[in-house]
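So the chains spell out like this:
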Amino acid sequence: MSALELQSLLPLIILALGATGVLMLGAWYPSKNWILGGVFITLLAAFSAGLIDPAVPEVANLYSAGSYARFFVVLWSILGALTLLLSLRYTEIHDLPGSEYTALVLFAICGMGLLSSATSLIGLFLGLEAFTLVFYILIAFKRDDSYSAEAGLKYLVMGAVATGFLAFGISLIYAASGSFHLPEAFAGLQQAGGMRALGLAGWALMLVAIGFKVSLVPFHLWTPDVYQGAPAPVSGLLATGSKGAVFASLVPLFTALGPLKADLEVILWALAALSMLAGTFAALPQRNLKRMLAYSSVVHMGYLMIGLLVGGPEAHRALLFYVIAYVIATLGAFGVLTSFSRVDDEPQEYGDFRGLGYLHPRRSSVLSACLLSLAGIPPLVGFFAKFGIITAALKGGYPGLAVIAILAALASLYYYLSPIVVLFMQQRDARELRRGGGYEFIVLALCFAAILLFGIYPTPLLEVLTGILP
Amino acid sequence: MNLSALTGFPLLSLVLWLPFFGTLLCLVFRHSALACRWLALLTTLTVLILMVWLFVGLPAESGWLLKEDYAWIPSFGIRYSLALDGISLLMVSLTALLQVAAVLISWKQKQHPALFYALVLILETGIIGVFLATDLILFYIFWELMLIPMLFLIGVWGHGNRVYAALKFFFFTLAGSLCLLLSIISLYLIHGEQTGVYSFAFETLMQTQLSSGVEMLLYIGFLLAFVVKVPLFPFHTWLPDAHTEAPAAGSVDLAGLLLKTGIYGLIRFAFPLFPSAAQQSLPFLAVLALIGIFYAAWIAYAQTDIKRVIAYSSVAHMGFVILGLAAWNQLAWEGALLLMVNHGVTTGGLFILIAMLQDRTGSRDLRVLGGMWKSLPYFSAFFLLFCLASLGLPGLSNFAGEILVLLGTFSRWPLFAAFAAAGVVFSAAYMLRVVQGVLWGPLGQMCKIGDDDCLHEDLDRREWLLLIPLAMLVIWLGIYPAPVLEPMSGPISLLLQSGGLP
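For every chain, the first residue of the written sequence is number 1, and numbering continues from 1 onward in sequence order. Numbering of ligands from 1 and lettering of chains from A proceed in the order in which they are written. Whole-chain, interface and lining totals are the exception, using all residues; otherwise, since this is a predicted model, local features are given only for residues with pLDDT of at least 70 and side-chain atom pairs are given and counted only at 80 or more.

Novice: Quick question: what am I supposed to make of the overall build of chain B here?
Specialist: A run of H or I in DSSP counts as a helix once it spans at least four residues, and a run of E counts as a strand once it spans at least two, with each numbered from the N terminus. Looking only at helices and strands, one finds 20 helices and two strands in chain B. By the compact-globule yardstick of 23 Å for 502 residues, chain B fits well, its C-alpha radius of gyration being 22 Å. Across its three principal axes, chain B shows a C-alpha extent of roughly 75 × 55 × 45 Å. With C-beta atoms placed from the backbone, a residue is buried if 20 or more other C-beta atoms are within 10 Å of its own, exposed if 12 or fewer are, and partly exposed between those counts. Within chain B, buried positions represent 60% of all 502 residues. Residues are defined as contacting one another if the C-beta atoms placed from their backbone atoms lie within 7 Å. Residue pairs at least 24 apart in sequence account for 79% of intrachain contacts in chain B once pairs closer than 6 positions are excluded. Both definitions apply: the radius of gyration is a C-alpha atom measure, and the globule rule equals 2.2 Å times residues to the power 0.38.

Listed below in structure tokens is the structure:
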């Protein structure tokens, strides 16, 4: 690896070395303030990714340093910074070790960055595993909490199975085409005959693995338990970054796929439709906010699959816009959950939120805005996200999916409004304050501002996305 | 001041965003109920004064009187374009008037006043936006923007079964809206494929060539959104619950304004965009409207809650409006739009009076109320006036609209007009039952339960201030509706001839 290549990989190196450094130094000087150090490292990575021009466009035939990859490195770094800020008070009141936590989050962000930059199947595998491994630990980070341990184990078992599928699928594709690199890995599969069947079998296995990672129906069953058991900021990171990064890596993958996509069309259609429908039906009866968000994320993954299925620059732009809208709103929702948590409890059941809207009007408004944005109500950012996806579906010739998407959006209002009704339209039983921390408020204010600003004026974001798409 | 000097000034944006600005101020000063109350009144009054000024100052021409157009989201072909013609001028003026009334009737709001006024003001922005937008996505955004404040107004400050009513209202309208969205996007894509120009501008989309099947499908999408809001029988079931459970300001806005956005959507977008599908649907609409007139009157007669009676009477009145539109001629359309304005004023007034009644007696039940004329004579006089106006007494506002609708309908469907005329008798039946139950008969419940030595005060100054302008308007619109008919006759003839404005 030459110096130029290292320079091109600098943001990710900052994250990885920073994580290692925090881990080492934290062993000698345990302190809660490592989290702020972690925020500094993520911001440094974000700036170096945004401001320093890469010397070479691709590193070791594994990772790209192009504008698409750089955009996502910046995005996940900022997400990491926000997650760490959210965790500051949370780790303190639950007495979680600050330096280990920081290091793990930094490793996870690094993995997400690697995954989004992957230009080869090996790079994809490495990036995916890098953050999945970290999440096994992060999810079970509250060691004395049985829910947390259960969630960790569940994610571990499911994740290990998915990893097996992914590795096997990649090896089959390699066997068929003789290359890991995109787009050569698919070039050999496009003619009929030969090793085409093997390659398609590899693709089927890869789709299973992807389905597990982003929780598409029927591979979604781990999602609600893991969201519920994991610490709230970790659930937030898991729901936003880990899924967003997978989709960010899938866009170049599907672009490289070319005409081969026609063979996968039925499967992708079914995955999208099933995720939207089954996710909706499962979310409707939920009375636990984290579980509801888990099932609703399944629905959102179905929407994103529409973007992948349609393909082409416009659909991909709609998909990425949707990813960003989803990330902002979901992070905000988990952020409010985090800031409502206290030493002894973390509110999840709707009953815990009864009448909280007037006790904590600002945070409750942020939560409501996040939920309404996820539901796609204008003038919040979720509206243009859904609008883009539905337009893409109609334009790409999938009116059936567009109708399912509309119906799912209508039904989603029921489960997104339920917490809002509990917050604002029911009398509270007790006057218990749930004090949050200043850093949490910064994160929530940023999420709220982003939801509103991108909802009212999405043009700049759309232009950036048009610019970075390969 | 001369209006022509202001051509470059974004007057429409000012009217549109002023209430929103008021919302922000209300949230800033949320700890002072007094400040929020005055802020809300000041904002709504400013909008009203601006609209009166425009109403007087703008010429009665048939085209767009004021226009604004800016790029907004070029990648989707969405523009920020507002325009005002005679019809929207009337509707925005009505909005401005009723919002002032809504603020005044909620003057004593004790529960979360800042949030309440903030929502009332943002609702005003939504409604005005619906009446001004000419870009379909901009229209859709304002259309949805009306939902959230109304959801909260009903759900937080409503009576009785308020959450159920709020959610029912929300889901009915949203289901319709999403059909609208699907139709809008389809139309946009079809137009883009035909011409290569991807735009949501209403005037561009009107040029789209559609096969009759597709046209009907897209038209049904538009129609569903609008008739749910109107509401036309059999899509009306959300309305009685929402109107009854809503707080006074919410009922005034719902009946006076939100229902009108449905009619407005029909004549501004659904009919002009899909003219031949619209023509085919007219008899169908007329039949549903007729059924609505009788069905709603029948149900209204059986109610014991006054608010529910008025709610069902709205369904009947909207039936008249739709019938007039379905007749598709100048006379009937003028009548329909006039009736829309009249209904806004009379029903708004009635809901205001019912709020005052409930404030004093703690009840809206016809079975326990009675004998108000003896104890509250001034209040009762106003109540009688608005009830008579609502049932269509000649010389009061609703009569002018109804008679024009009936005349216009008669020239197309004499039989339908004859039936509808009988509907007027029905409305007299249920309205007079309300009058009898509230004003006359033995003295009924006069105090809130548990409040034994309450004062039976007649109208106070604020209430006089609120009722006198509305009452004057009711009489004026009944005797001399020409100033209202004048600005809309030009746009109506354009809509009927060419299916839209240039």
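Novice: What is the right way to look at the overall build of chain A in this model?
Specialist: Scanning chain A for helices and strands turns up 20 helices and two strands. The globule rule puts the C-alpha radius of gyration for 470 residues at 23 Å, and the 21 Å found for chain A is close to it. Scored against the burial criterion, the 470 residues of chain A give a buried share of 61%.

Novice: When you look at the domain arrangement of chain A in this model, what are you seeing that I'm missing?
Specialist: How large an interface is tends to be reported as the accessible area lost when its parts come together. Residue and element names in this part refer to chain A. Note: domain ranges come from an automatic or database domain assignment. The domain boundaries assigned to chain A delineate domain 1 (1–139) and domain 2 (140–468). Taking the mean C-alpha position of each, domain 1 and domain 2 sit 21 Å from one another. Counting residues at the interface gives 40 residues for domain 1 and 52 residues for domain 2. Elements with a minimum of two residues in the side of domain 1 that touches domain 2: α4 (67–93), α5 (98–117) and α6 (121–139). Residue contributions to the side of domain 1 that touches domain 2 peak at 15 residues, all from α4.

Novice: What's the story with the domain arrangement of chain B in this structure? I'm lost.
Specialist: All names here are of chain B. Each assigned domain of chain B is listed here: domain 1 (1–273) and domain 2 (277–502). Centre-to-centre, using C-alpha coordinates, domain 1 lies 22 Å away from domain 2. With 44 residues of domain 1 in contact, the opposing surface of domain 2 contributes 44 residues. Going through the elements one at a time, α3 (86–105), α9 (212–229), α10 (238–245) and α11 (248–273) are the ones with two or more residues in the side of domain 1 that touches domain 2. The biggest single contributor to the side of domain 1 that touches domain 2 is α11, with 14 residues.

Novice: Just to check I follow, could you spell out helix α5 (residues 136–145) of chain B for this structure?
Specialist: Since the α-helix advances by 3.6 residues per turn, residues separated by three or four positions end up pointing in the same direction. Residues and elements named next belong to chain B. Among the ten residues in α5, ten count as buried, and that is most of the element. Taken together, the buried positions of α5 are occupied by L136, I137, L138, F139, Y140, I141, F142, W143, E144 and L145. Check the buried side of α5 and you find it contacts β2 (78–84), α4 (113–132), α6 (147–157), α7 (162–195) and α8 (202–205).

Novice: Looking at this structure, I do not really get helix α3 (residues 34–51) of chain A. What am I missing?
Specialist: The terminal C-alpha atoms of α3(A), which comprises 18 residues, lie 25 Å apart, in line with the 26 Å expected from a rise of 1.5 Å per residue. Listed as buried for α3(A) are A:W34, A:I35, A:G37, A:G38, A:V39, A:I41, A:T42, A:A45, A:A46, A:S48 and A:A49. Take the residue count of a helix, subtract one, and multiply by 1.5 Å to get its expected span.

Novice: Quick question: what am I supposed to make of the interface of chain A and chain B here?
Specialist: Each partner contributes residues to the interface: chain A has 22 residues there, and chain B has 22 residues. Sorting the residues of the side of chain A that touches chain B by element identifies α17 (381–395), α18 (399–424) and α20 (459–468) of chain A as the ones contributing at least two each. Among the elements that take part in the side of chain A that touches chain B, α18(A) stands out by supplying eight residues, more than any other. Broken down by class, the residue content of the side of chain A that touches chain B amounts to 18 nonpolar, three polar and one charged. Ten residues, namely Ala, Val, Leu, Ile, Met, Phe, Trp, Tyr, Cys and Pro, are considered nonpolar, four, namely Asp, Glu, Lys and Arg, are considered charged, and the remaining ones, Gly among them, are considered polar.

Novice: Explain the pairing of strand β1 (residues 66–73) of chain B to me, please; I cannot follow it from the model alone.
Specialist: Every regular strand shows the same layout, with side chains that alternate between the two sheet faces. Residue and element names in this part refer to chain B. Note on pairing: DSSP must find at least two bridges between two strands before they are called paired. Pairing of β1 with β2, which is carried by seven bridges, proceeds in the antiparallel orientation. Each bridged residue has a counterpart across the sheet, and for I73 the counterpart in β2 is I78. Hairpin geometry of β1 and β2 is characterised by an intervening segment of four residues between the two adjacent antiparallel strands and by a positive phi of about 75 degrees at G77.

Novice: Please clarify how the nonpolar core should be interpreted in this entry.
Specialist: Most often, soluble globular proteins have nonpolar side chains that are buried together. All names here are of chain A. Note on definitions: a nonpolar core is a set of buried residues drawn from Ala, Val, Leu, Ile, Met, Phe, Trp, Tyr and Cys, linked by C-beta atoms within 7 Å. In this structure, I306 and A405 are the most contacted members of the largest nonpolar core, which totals 394 residues. Counting residues per element, this core draws most heavily on helix α14 (residues 312–340), at 19 residues. The contact partners of A405, leaving out residues within four places of it in the chain, are M276, Y303, I306, I389, I390 and A393.

Novice: Just checking my understanding: could you explain the packing of α4(A) against α14(A) for this structure?
Specialist: Each pair of packed helices gets described by two things: the angle between the helix axes and the distance between those axes. Residue and element names in this part refer to chain A. The geometry of α4 relative to α14 is characterised by a closest axis approach of 10 Å and an angle of 10 degrees between their N-to-C directions. One element, α4, and the other, α14, form an angle in the roughly parallel class. In this structure, α4 uses L79, L82, L86 and Y90 to contact α14, whose residues at the interface are V327, L331, G335 and T338. Note on method: axes are straight lines fitted to C-alpha atoms, helices fitted across the in-contact stretch only, with angles between N-to-C directions ranging 0 to 180 degrees. Each angle gets one of four labels, with under 35 degrees taken as roughly parallel, over 145 as roughly antiparallel, 65 to 115 as roughly perpendicular, and the rest as oblique.

Novice: I'm lost on the packing of helix α16 (residues 377–391) of chain B against helix α19 (residues 461–479) of chain B in this one. Help?
Specialist: Residue and element names in this part refer to chain B. Orientation of α16 relative to α19, taken along the N-to-C sense of each, is 35 degrees, at an axis distance of 11 Å. Pair α16 / α19 crosses with left-handed handedness. In this structure, α16 uses F382, L385, F386 and A389 to contact α19, whose residues at the interface are L467, A471, V474 and G478. Of the residues belonging to the contact of α16 with α19, the class tally is seven nonpolar, one polar and no charged. Helix crossings are classified by the rotation of the near helix relative to the far one: an anticlockwise turn of less than a right angle makes the crossing left-handed, while a clockwise turn makes it right-handed.

Novice: Teacher, can you tell me more about unusual backbone geometry here?
Specialist: Negative phi values dominate among residues other than glycine, just as trans dominates among peptide bonds. A:V217 connects to A:P218 through a cis peptide bond whose omega is 10 degrees. Cis geometry marks the peptide bond from B:F233 to B:P234; its omega dihedral reads 5 degrees. As for its placement among the helices and strands, B:P234 is situated in the loop between α9 and α10. One non-glycine residue with positive phi stands out, namely A:N61, at about 55 degrees. Within the fold, A:N61 resides in the loop between β1 (58–59) and β2 (63–64). At A:S215, a residue that is not glycine, the phi angle is positive and equals roughly 50 degrees. You can see A:S215 is positioned in the loop between α9 (196–214) and α10 (223–229). According to the C-beta neighbour criterion, A:S215 is buried, with 27 such atoms within 10 Å.

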